[in-house]
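Observations on chain architecture
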Amino acid sequence: MQYEAVIGLEVHVQLKTRSKMFCGCSTEFGAAPNTQACPVCLGYPGVLPVMNEEAVRKTILTGLMFGSKVTEFSKWDRKNYFYPDMPKNYQISQYDLPLCRGGAVQIGNKAVGVTRIHLEEDVAKSFHFETTSGVDFNRAGTPLMEIVSEPDIRSPDEAFAYLTALKEILISGGVSDCDMEKGQLRCDANVSVRPVGQKGFGEKIEIKNMNTISGIRRALAYEVQRQTAALEKGEKLQQETRRWEEAAGKTLVMRTKEYAHDYRYFPEPDLMPVTVNDALLEQVRKHLPELPEAKRRRFVKQYGLPEYDAGVLVASAALASYYERAAANSKNPKAISNWVMTELLARLAETKCDIGESPIAPERLTELVAAVDAGQISGKMAKDVFAEMFASGKSATTIIKERGLVQLSDTSAIEAFVDQAIAANPKSVADYRAGNAAAINFLKGQVMRLSQGKANPQLVGGILERKLKES
Amino acid sequence: MSLHTLTIHQLREKLRRGEVSSREATQAVIDRIAAIDSKLKAYLWLNTDDALAQADAIDRAGIAKNGKLLGGIPVAIKDVINVEGQPCTCGSKILKGHTSVYDATAIKRLREAGAVLLGRTNMDEFAMGSSTENSSWGVTRNPWDLERIPGGSSGGSAAAVTADEAIAALGSDTGGSIRQPAALTGCVGLKTTYGRVSRYGLVAFASSLDQIGPFTKTVADGALMLRAIAGHDASDSTSVPQPVPDYTAALDRGVKGLRVGMPKEYFIEGMDREVEAAVRTAIKRLNELGAEVVEISLPHADYAVAVYYLVATAEASANLARFDGVRYGLRVPGEDVIDMYGKTRGAGFGEEVKRRIILGTYALSAGYYDAYYLRAQKVRTLIRRDFEQAFAKCDVVVAPTTPTPAFKIGEKMDDPLQMYLSDIFTIGANLAGICGVSIPCGFTSQPKLPIGMQILGKPFDEETILRVAHAYEQGTEWHRQKPAL
Amino acid sequence: MPDMDISYIAHLARVELSEAERSKFAAQLKDILAYVAKLNELDVSNVEPTAHATPLTNVFRKDEVRPSIEIEKVLKNAPEQARDLFIVPKIVE
């Protein structure tokens, strides 16, 4: 019997706003404990929440980016449960009328459906010691956007692709930085397994505590395998919540005590509903970025790049932007692309810099490529020049001038070197004339050596061939 | 001249003319408290040094003289409203020793108006009650009869004003907690339209019903207090951006041409005969003053108590969840966090609070939400519509505030349902979100206990209810009578 | 309607009740629930629930940082604190 995995992902994203969802405390990361808290986000008696407008706009923007329907009328609800990281022991969230419904995230040829997108407030952070835990309320109240996918994902790889694409879209929209290490993006999964062809779903098992995108892929792979093996043995699976243990490489059942929740949702009396009209939608639309998919297609069309190159270059907004600046005034966007994808990215990786810290400004790369195309330096020479540009920050023109690297393209000078090489290497000449075409390479090398590497290799080749044919 | 017996207007006049200082006035009130509060127990906390320091600062700055609304006037605060640096127990053990770290907006506005924040008054725990017997700190006694309750939940504030232990006071009204004690102690109690006064800093009981309001000795004083504290507040999303008129300016317009609605459902079997008679006589008096009296119906009045005890308790069950021993308040240690929660809340909350939390949690729980909470919110809509339709036929609705005068301490403690039913006339106005003021309209004969009538008005029409109340009050002497203490 | 399971509701509400309280409340709440059942007399099939007393929408604030309160005030009423954190019994996942 063949089994297939059915996976749905619930992603929580911290929005990139300056202040919290319901109060004016800063959302900046890394502050000392409990220094970004106020009576409201501490849940002191008598306080009241007030909605952060930017958080709502960013959520609407996300809906537009995913092609969701932004609901005209949405409201807030209290989700009631007790936990030390909950300042009020209810979380202000959205239950039956979320801000956005529907939409999809494209992964390759497949569209993974989005069920809903809603806003809520984040909880505090706990630190665990030997017999106690300590709670820091800096994070409590941060705007949190929850994106629930349809159970359309069929493999850990698809999950990985979905999360990668989702991150890219959110980053490009300025909605969130999606840094999982900083807790800005968290993901829980619902995993079930069923025989291929079966319409109904198997028992849905929730997986929590996956802290990196690769970790999620590993966890899902493990869980799918575990559930499949269980079903094959004839075991019955039951709905439960499991915790991924990265070090052990397995999922374990969590204590169910806190997880059998009756949230007792009811409309939040302290907050008024949100109505979205066309005017507001138009305002938000102005902030729509060019999404990665559209950008890729444009790069192919506008710069004549192959799909693969375009794909690499749009992988990050910063990289795409760098490329476009370099290609803007270049007659050879393909060459620019090659330099960026091979030399530049490699060098940046070696020095652990990202594209924003590149010592070579995009315009300088344009200049380098132009110098090669103009025959000023050879391609081989350009690699050296590039290395020095990276190390020193100097321009190609400066380096070429300082090192006197201008390629020799004066044909009479080259002819002189060619004559010298022919005269000094009769054996190779004889080999070539005897039909060994490869012997010309040795002679080429000799000409390059004689010219101290400066001779234009194309010209050398042409002149050598002509002269060798002559006699 | 016993300064503590003055009204805000009278004291303000003297302060402005420089006849007395705020310090003298404040001292007079402090002396009064020292003399009688051991009998009444209206106050939970009073820092006399702090109060006098405030008064001195006001005197030095000449605030009372330069026209601030409440310049130099000592005002008592119900223990449910946050005043930075002061304790705030809400009448509960679970907040014993708790200190507020911020000012409620209404308090900020009192400060801006130049008032002296006097002390903190007793109340039913977390505003849940109609007699102040649910306070963890003991009951406050009715100044007219020390064996009787002063009403609740703002019993302390009502008693303080009536007994001249404060020139005015703040309370809160969720189901009648200002109007009912005002009626039972014989002073003026105003519940504003929902959204008229900011709730920021008022410890929440039922978020969609709570309002802060004043207790005063006269209607004109109430209008002044309202002017000081009303208005939109950016910190309260439910506060309405409606401009604040000068409530004192409209007071003297009289009642000629106004239509007074008498709801037949508020004159019921089983209500005290003298209470009914006093209110009927008062309405006749309004008629004599030029108002037209029309009979109206509020057909769903009988369902108000049932709606309230589902909606208010549901909201309260969530609002009180934050009292868990983690960030503030009482903590009873436990084996683990859940144990700590259970023990803390079990020990910290009193019986009535626990009862309502259980009821409210049940009304929201899975499988019961539709039958209880949702249904109650729908009937609430019907009650709101009743008032809307009534206000098409009349400008104000006049009715008794309570079915009986003050009952004896302990009389209703064993039967929660009986206690709930004493709110039968006040609850409707909270559910509909409209405004209402209770004013004295007579006394029962034996013993002599105050009777109050309430004047209910359209949303944001406090001007009209105050105008009617003032017209009635000016033609009577009820508000000048003081208990013998 | 079946009787309320008071122990379960008390657990949901995280309020520990004594045996005496449980039986007392059971009786009282039974009466109260019988009383509120009168709401079933009404036909509310076409009635919208009252969500808010006032018909406001889009009550927003601008995304601006306001000063937080000093840590002394944050921790002022903390029953137990250490290293600037609120301390509770160890939370086990």
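No experiment lies behind these values; they were computed from the predicted model shown.

A few points about the overall build of chain B
The number of helices and strands found in chain B is 15 helices and 11 strands. The C-alpha atoms of chain B give 21 Å as radius of gyration, which agrees with the globular expectation for 485 residues (23 Å, within 12%). Each principal axis of the C-alpha distribution contributes one length, and for chain B these read about 65 × 55 × 45 Å. Only carbon and sulfur atoms are counted for the fraction: they give 48% of the accessible area of chain B, which is about 14,000 Å².

What to know about the overall build of chain A
When helices and strands are counted, chain A shows 16 helices and 18 strands. On C-alpha atoms alone, chain A measures out to a radius of gyration of 31 Å, which is more than a quarter above the 23 Å that the 2.2 N^0.38 rule sets for 471 residues. Along the first, second and third principal axes, the C-alpha atoms of chain A reach 100 × 55 × 50 Å. Burial analysis of chain A (471 residues in total) assigns 53% to the buried set. Across chain A, every contact between residues at least 6 apart in sequence was considered, and the portion connecting residues at least 24 apart equals 68%. For chain A, the exposed surface amounts to about 20,800 Å²; the carbon and sulfur share of it is 51%.

Things to note about the sheet that holds strand β5 (residues 77-80) of chain A
The strand order across the open sheet formed by 3 strands is β6-β5-β17 (chain A), and the pairing between neighbours is antiparallel. In this open sheet, the two strands that pair with only one neighbour each are β6 (90-93) and β17 (266-267) of chain A. Pairing of β5 of chain A with β17 of chain A, which is carried by 2 bridges, proceeds in the antiparallel orientation. Following the sheet pairing, Arg 78 of chain A is matched in β17 of chain A by Phe 266 of chain A. Sitting on the sheet, helix α9 (residues 304-319) of chain B is in contact with β5, β6 and β17 of chain A, with an inclination near 60 degrees to β5 of chain A.

Let's talk about the domain arrangement of chain B
Note on interface size: it is often stated as the accessible area lost on association of the parts. Residues and elements named next belong to chain B. For chain B, the assigned domains are domain 1 (3-258 + 396-480) and domain 2 (302-377). Just the C-alpha atoms count here: the centres of domain 1 and domain 2 sit 27 Å apart. Contacts between domain 1 and domain 2 engage 27 residues on the former and 25 residues on the latter. Interface area lost by domain 1 to domain 2 is led by Ile 94, Met 128 and Tyr 420, which between them contribute 31%. Where domain 1 touches domain 2, the interface holds 0 salt bridges. Secondary-structure elements contributing two or more residues to the side of domain 1 that touches domain 2 are α13 (416-421) and α14 (427-432). Grouping the amino acids of the side of domain 1 that touches domain 2 by side-chain chemistry returns 15 nonpolar, 9 polar and 3 charged.

What to know about the environment of Val 29 of chain B
Residues and elements named next belong to chain B. You can see Val 29 is positioned in helix α2 (residues 22-40). The buried category is assigned to Val 29, whose relative accessible area is 0%. When the C-alpha atoms of Val 29 and Ser 100 are compared, they prove to be 24 Å apart, with 71 residues separating the residues in sequence. In this structure Val 29 touches His 4, Pro 74, Leu 118, Glu 165, Ala 166 and Ile 167, once residues within four positions along its chain are discounted.

Description of the interface of chain C and chain A
With 34 residues of chain C at the interface, the matching set in chain A holds 54 residues. Regarding the contact of chain C and chain A, the summed buried area is about 3,900 Å², with carbon and sulfur atoms giving 57% of it. Along the contact surface separating chain C from chain A lie 1 salt bridge. Where Glu 53 of chain A meets Lys 62 of chain C, a salt bridge forms, and the shortest distance between an N and an O atom there is 2.8 Å. The interface formed by chain C and chain A holds 25 residue pairs in polar contact (both at pLDDT 80 or more) in total. Listing elements by their share of the side of chain C that touches chain A, those giving two or more residues are α1 (6-12), β1 (60-61), α3 (71-74) and β3 (85-89) of chain C. Per-element tally for the side of chain C that touches chain A: the top contributor is β3 of chain C, with 5 residues. Split by residue class, the side of chain C that touches chain A holds 17 nonpolar, 6 polar and 11 charged.

Description of the nonpolar core
Grouped together as the largest cluster of nonpolar side chains are 207 residues, with contacts concentrated most on Leu 70, Leu 110, Phe 126, Leu 170 and Ile 455 of chain B. Looking at this core, the element that brings in the most residues is α9 of chain B, giving 10 residues. Looking at which domains feed residues into this core, each of domain 1 (3-258 + 396-480) and domain 2 (302-377) of chain B supplies at least three. Setting aside residues up to four positions removed in sequence, Ile 455 of chain B forms contacts with Val 396, Val 397, Val 398, Cys 435, Gly 436, Val 437, Ile 439, Ile 465, Val 468 and Ala 469 of chain B. Within the second largest apolar cluster, 70 residues are counted, among which are Leu 9, Met 21, Ala 55 and Val 193 of chain A.

Some thoughts on helix α14 (residues 426-433) of chain A
All names here are of chain A. Those residues of α14 not exposed but buried are Ser 428, Val 429 and Tyr 432. An end-on view of α14 places all buried positions within 100 degrees of arc, on one side of the element. Across from the buried face of α14, at angles greater than 90 degrees, the exposed residues are Pro 426 and Lys 427. Looking at the buried side of α14, the elements it contacts are α13 (411-424), α15 (439-450) and α16 (457-470).

Some remarks on the packing of helix α11 (residues 351-364) of chain B against helix α2 (residues 19-36) of chain C
The N-to-C vectors of α11 of chain B and α2 of chain C enclose an angle of 60 degrees; their axes lie 11 Å apart at closest approach. By the angle between their directions, the pair α11 of chain B and α2 of chain C is classed as oblique. Here the hand of the crossing between α11 of chain B and α2 of chain C comes out right-handed. Listed contacts from α2 of chain C to Glu 351, Lys 354, Arg 355, Ile 358, Leu 359 and Tyr 362 of chain B of α11 of chain B are Glu 21, Lys 24, Phe 25, Gln 28, Leu 29, Ile 32 and Leu 33 of chain C. Looking at side-chain class alone, the contact of α11 of chain B with α2 of chain C contains 7 nonpolar, 1 polar and 5 charged residues.

Some thoughts on the packing of aromatic side chains
Two aromatic rings, taken as a pair, are described by how far apart their centres are and by the angle between their planes. Within this structure, the stated rule accounts for 29 aromatic pairs over all chains. Between the aromatic rings of Trp 144 of chain B and Phe 443 of chain B, the centroid separation amounts to 4.9 Å while the plane-to-plane angle is 55 degrees, which identifies the pairing as tilted. Note that Trp 144 of chain B is positioned in the loop between β3 (116-121) and α5 (155-162) and Phe 443 of chain B in strand β10 (residues 435-443), a separation of 299 residues in sequence. Residue class for Phe 443 of chain B comes out buried when judged on its relative accessible area of 16%. Feature note: the residues Tyr 44 of chain A together with Phe 126, Phe 323, Tyr 328 and Phe 349 of chain B constitute an aromatic cluster, connected by ring pairs. Here Lys 79 of chain A stacks its cationic end above the ring of Tyr 263 of chain A, 4.5 Å away from the centre of that ring.

A short note on the pattern of salt bridges
Residues and elements named next belong to chain A. Following the criterion strictly, the structure yields 71 salt bridges over all chains and no others. Note that Arg 285 and Glu 282 form a salt bridge whose closest N and O atoms lie 2.8 Å from each other. Of the two residues, Arg 285 and Glu 282 are both situated in helix α5 (residues 278-285); the distance of 3 residues between them amounts to about one turn of the helix. Residue classification places Arg 285 among the partly exposed positions, given a relative accessible area of 37%. The structure contains a network of salt bridges with shared partners spanning Glu 415, Asp 419, Arg 466, Lys 467 and Glu 470.

Quick look at the interface of chain C and chain B
Taken together, the contact between chain C and chain B spans 48 residues of the former and 63 residues of the latter. Buried area between chain C and chain B, both sides added, is near 5,200 Å², and the carbon and sulfur share of it is 69%. Along the contact surface separating chain C from chain B lie 6 salt bridges. The closest approach of N and O atoms between Lys 38 of chain C and Asp 302 of chain B, which form a salt bridge, is 3.1 Å.

A word on the sheet that holds strand β11 (residues 132-136) of chain A
In spatial order, the strands read β10(A)-β11(A)-β3(C)-β2(C); together these 4 strands make up an open sheet with antiparallel pairing. Sheet topology places β10 (125-128) of chain A together with β2 (81-82) of chain C at the edges, where each strand pairs with a single neighbour. Sheet topology note: the β10 of chain A/β11 of chain A ladder contains 4 bridges and is antiparallel. Along β11 of chain A, the bridge assignment pairs Ser 126 of chain A with Val 135 of chain A.

Some thoughts on the confidence of the model for chain B
Within chain B, residue pLDDT values average 96, and 100% of them lie at 70 or more. Scored as a complex, the prediction yields pTM 0.89 and ipTM 0.96.

Remarks on unusual backbone geometry
With the exception of glycine, most residues fall at negative phi, and the peptide bonds are largely trans. Residues and elements named next belong to chain B. Here Gly 152 and Ser 153 are connected by a cis peptide whose omega angle stands at 10 degrees. The residue Ser 153 is located in the loop between β3 and α5 in this model. Between Gln 446 and the following residue, Pro 447, the backbone shows a cis peptide bond with an omega angle of -5 degrees. Residue placement: Pro 447 occurs in the loop between β10 and β11 (450-457). Phi angles above zero are rare outside glycine, and Cys 90 is one such case at about 55 degrees. Even without being a glycine, Phe 126 presents a positive backbone phi close to 50 degrees. Note that Phe 126 resides in the loop between β3 and α5.

How each quantity is defined
Along every chain, residues carry numbers that run from 1 in the direction the sequence is written. Chains carry letters from A onward and ligands carry numbers from 1 onward, assigned in written order. Totals for whole chains, interfaces and linings use every residue, but because this is a predicted model, local features are given only for residues with pLDDT of at least 70 and side-chain atom pairs only at 80 or more, for both listing and counting. Values reported for side chains reflect all heavy atoms of the structure, with hydrogen atoms and water molecules removed beforehand. Under the scheme used here, helices are H or I runs from DSSP no shorter than 4 residues and strands are E runs no shorter than 2 residues, and both carry numbers assigned from the N terminus. Every radius of gyration here is taken over C-alpha atoms, with the globule rule written as 2.2 Å times N^0.38, N being the number of residues. Accessible surface is estimated by sampling points in the Shrake-Rupley manner with a 1.4 Å probe; for residues, cover comes only from the protein chains shown. For every residue, the accessible area (1.4 Å probe, protein chains only) is compared with the maximum for its type, and the residue is labelled buried under 20%, exposed over 50%, or partly exposed between those bounds. Working rule for contacts: check all heavy atoms of both residues, and any pair within 4.5 Å makes them a contact. For two strands to be treated as a pair, DSSP must find at least two bridges joining them. For helices, the axis comes from a line fit to the C-alpha atoms of the stretch in contact; other axes are also lines fit to C-alpha atoms, and the angle between any two N-to-C directions lies between 0 and 180 degrees. How far each domain reaches was decided by an automatic or database domain assignment. The term buried area denotes the loss of accessible surface (1.4 Å probe radius) that occurs when two parts are joined, taken as the sum for both partners. The term salt bridge refers to a side-chain nitrogen of Lys or Arg lying within 4 Å of a carboxyl oxygen of Asp or Glu. Under this grouping Gly is polar, as are all residues other than the nonpolar Ala, Val, Leu, Ile, Met, Phe, Trp, Tyr, Cys and Pro and the charged Asp, Glu, Lys and Arg. N or O atoms closer than or at 3.5 Å make up a polar contact, with two conditions inside protein: a donor-capable atom paired with an acceptor-capable one, and, for residues adjacent in sequence, both atoms drawn from side chains. Nine residue types can take part in a nonpolar core, namely buried Ala, Val, Leu, Ile, Met, Phe, Trp, Tyr and Cys, and a core is a set of them joined through side-chain atoms within 4.5 Å. Directions drawn from the helix axis to the C-beta atoms are what define this arc. With respect to orientation, any angle under 35 degrees is reported as roughly parallel, any angle over 145 as roughly antiparallel, any angle of 65 to 115 as roughly perpendicular, and every other angle as oblique. Crossings are sorted by hand: turned counterclockwise from the far helix by less than a right angle, the near helix makes the crossing left-handed, and turned clockwise it makes it right-handed. Planes of paired rings set the category: under 30 degrees apart is stacked, over 60 is edge-to-face and the rest tilted, where pairs are Phe, Tyr or Trp rings (Trp by its six-membered ring) whose centres lie within 6.5 Å. Note on geometry: a ring has a charge over it if NZ (lysine) or CZ (arginine) is within 6 Å of the ring centre and within 35 degrees of the ring normal. The pLDDT value expresses, per residue, how confident the predictor is, ranging between 0 and 100.

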